[in-house]
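What follows is each chain in one-letter form.
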Amino acid sequence: MSYLDHIRACNAHDLSGFRPFELEGHRLGWVRHALAEQLPGVDPGFVVTADRVTLAPEVRDFETRSSVLAHAARFLVETGAVSALRGEFYPVMPAWGAEPLMRIDRAVVAQFGTSAYGLHVNGFVRQPDGGLSLWIGRRASDREVAPGKLDNLIAGGQPIGLTLAENLVKEAQEEAGIDAALASRAVPVGAVTYRMETEAGLKQDTLFLYDLELDADFVPRNTDGEVERFELWPLDRVAESVRATKDWKFNVNLVVIDFLVRHGWLTPEEPDYLEIVKGLRR
């Protein structure tokens, strides 16, 4: 394993197996050909041709478009392609900050290949010798995604209707028992992006990154059952674990690698340095 292996794994995909999902001149996502052929029978609002999936011209407003996607989501549950809907909705929009054109249940985002956004917080402690330690979460074994894998202190998808700041406060409380005052000290430090083909479809994700420096006596406390336990690891141990193992949730590898670059642990002396830096933002 290597740092670059993790980046490549998160960007492995073959778009020849997909059809663009477009609306109003915007490419919103990618749908596998087999699903694309089924969609007009699921809801007449879908219009499918040999080279794209779109919505009928009369399907104009936010709620009507969202209803068409909801029909498709229920179909995917009925056919067993999705185990259950989440009841949490993501915006479907042509770019970050644009007005959402519709909403989609989180459970079927990959099936439509629409862009999804989230936030990840690196909770770190500065040691007396100047070294850094990072709080690591062990995901609960009953999680549908990456059970038992290592994770950031705080992480969560970005649902429709919340600002990033509001979502950060919510996730900080749920995942680590951090109150709003402490969460507000988190510093935005950029983003990583990736495009990854999965069994479900295509994940096109942007993760907004934050660093949160914590006092030496701080101890996180999970409140939503997603994390079995937290551990404080020296950065050397974190770096070696990411480099040499598959113990981490797949996209958290990218977040940690970015942290290692920004804090000077991973330097240009690393042979793959330039490819690593470029690969974090596709």
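On a predicted model such as this, the values are computed, not experimentally measured, just so you know.

Scanning the protein chain from terminus to terminus reveals nine helices and 13 strands. Against the compact-globule benchmark of 19 Å for 282 residues, the protein chain has a radius of gyration of 20 Å, which places it among compact chains. Principal-axis analysis of the C-alpha atoms gives the protein chain an extent of 65 × 40 × 35 Å. Across the 282 residues that make up the protein chain, the buried fraction comes to 49%. Per element, the accessible surface of the protein chain, about 13000 Å² overall, is 51% carbon and sulfur. Counting 30 positive and 42 negative side-chain charges, the protein chain places the centres of these two groups 2 Å from one another.

Right, let's get into empty space enclosed by the protein. Applying the stated criterion across every chain yields a total of one cavity of 30 Å³ or more. Taken together, I136, G137, R138, L150, R229, E231 and W233 make up the full set of residues lining the largest cavity.

This paragraph deals with the pattern of salt bridges. Across all of its chains, the model carries 19 salt bridges by this definition. A salt bridge links E37 to R19; the shortest N-O distance between them is 3.0 Å. Highlighted residues: E37 in helix α2 (residues 33-42) and R19 in strand β1 (residues 18-23), separated in sequence by 18 residues. Owing to a relative accessible area of 55%, E37 belongs among the exposed residues under this scheme. Across the pair R281 and D258 runs a salt bridge whose closest N-O atoms are separated by 2.6 Å. Highlighted residues: R281 in the segment after α9 (273-279) and D258 in helix α8 (residues 252-262), separated in sequence by 23 residues. A relative accessible area of 39% places R281 in the partly exposed class. Looking at D258, the relative accessible area reads 2%, which means it is buried.

Reading guide: rules and limits
- Numbers given for residues are sequential positions, taken from 1 along each chain in its written order.
- Per-residue local features of the predicted model are confined to residues with pLDDT of at least 70, and side-chain atom pairs are confined, for both listing and counting, to 80 or more; whole-chain, interface and lining totals are unaffected and use all residues.
- Each side-chain value is derived from all of the structure's non-hydrogen atoms; neither hydrogens nor water enter the calculation.
- Per the convention used, a helix needs a DSSP run of H or I reaching at least four residues, while a strand needs a run of E reaching at least two, with both numbered from the N terminus.
- In this setup the radius of gyration rests on C-alpha atoms only. A globule is expected at 2.2 Å times the number of residues raised to 0.38.
- Three labels apply to residues, based on accessible area from a 1.4 Å probe with only protein chains included: buried if under 20% of the type maximum, exposed if over 50%, partly exposed otherwise in between.
- Exposure was quantified through the Shrake-Rupley algorithm and a 1.4 Å probe, taking into account, for residues, occlusion by the shown protein chains and nothing else.
- Counted charges follow a simple rule, with Lys and Arg positive, Asp and Glu negative, and His plus the chain ends left uncounted.
- For the purpose of locating charges, the reference atoms are NZ of Lys, CZ of Arg, CG of Asp and CD of Glu.
- The distinction between a cavity and a pocket rests on a 1 Å grid over the protein atoms alone: a 1.4 Å probe fits inside a cavity but cannot get out, while a pocket stays open yet meets protein on both sides within 12 Å along at least five of seven lines, and a residue with an atom within 4 Å of a point counts as lining.
- Grid points are joined across faces, edges and corners, and a volume is the space filled by probe spheres set on the points.
- The salt bridge criterion pairs a side-chain nitrogen of Lys or Arg with a carboxyl oxygen of Asp or Glu, the two atoms within 4 Å.

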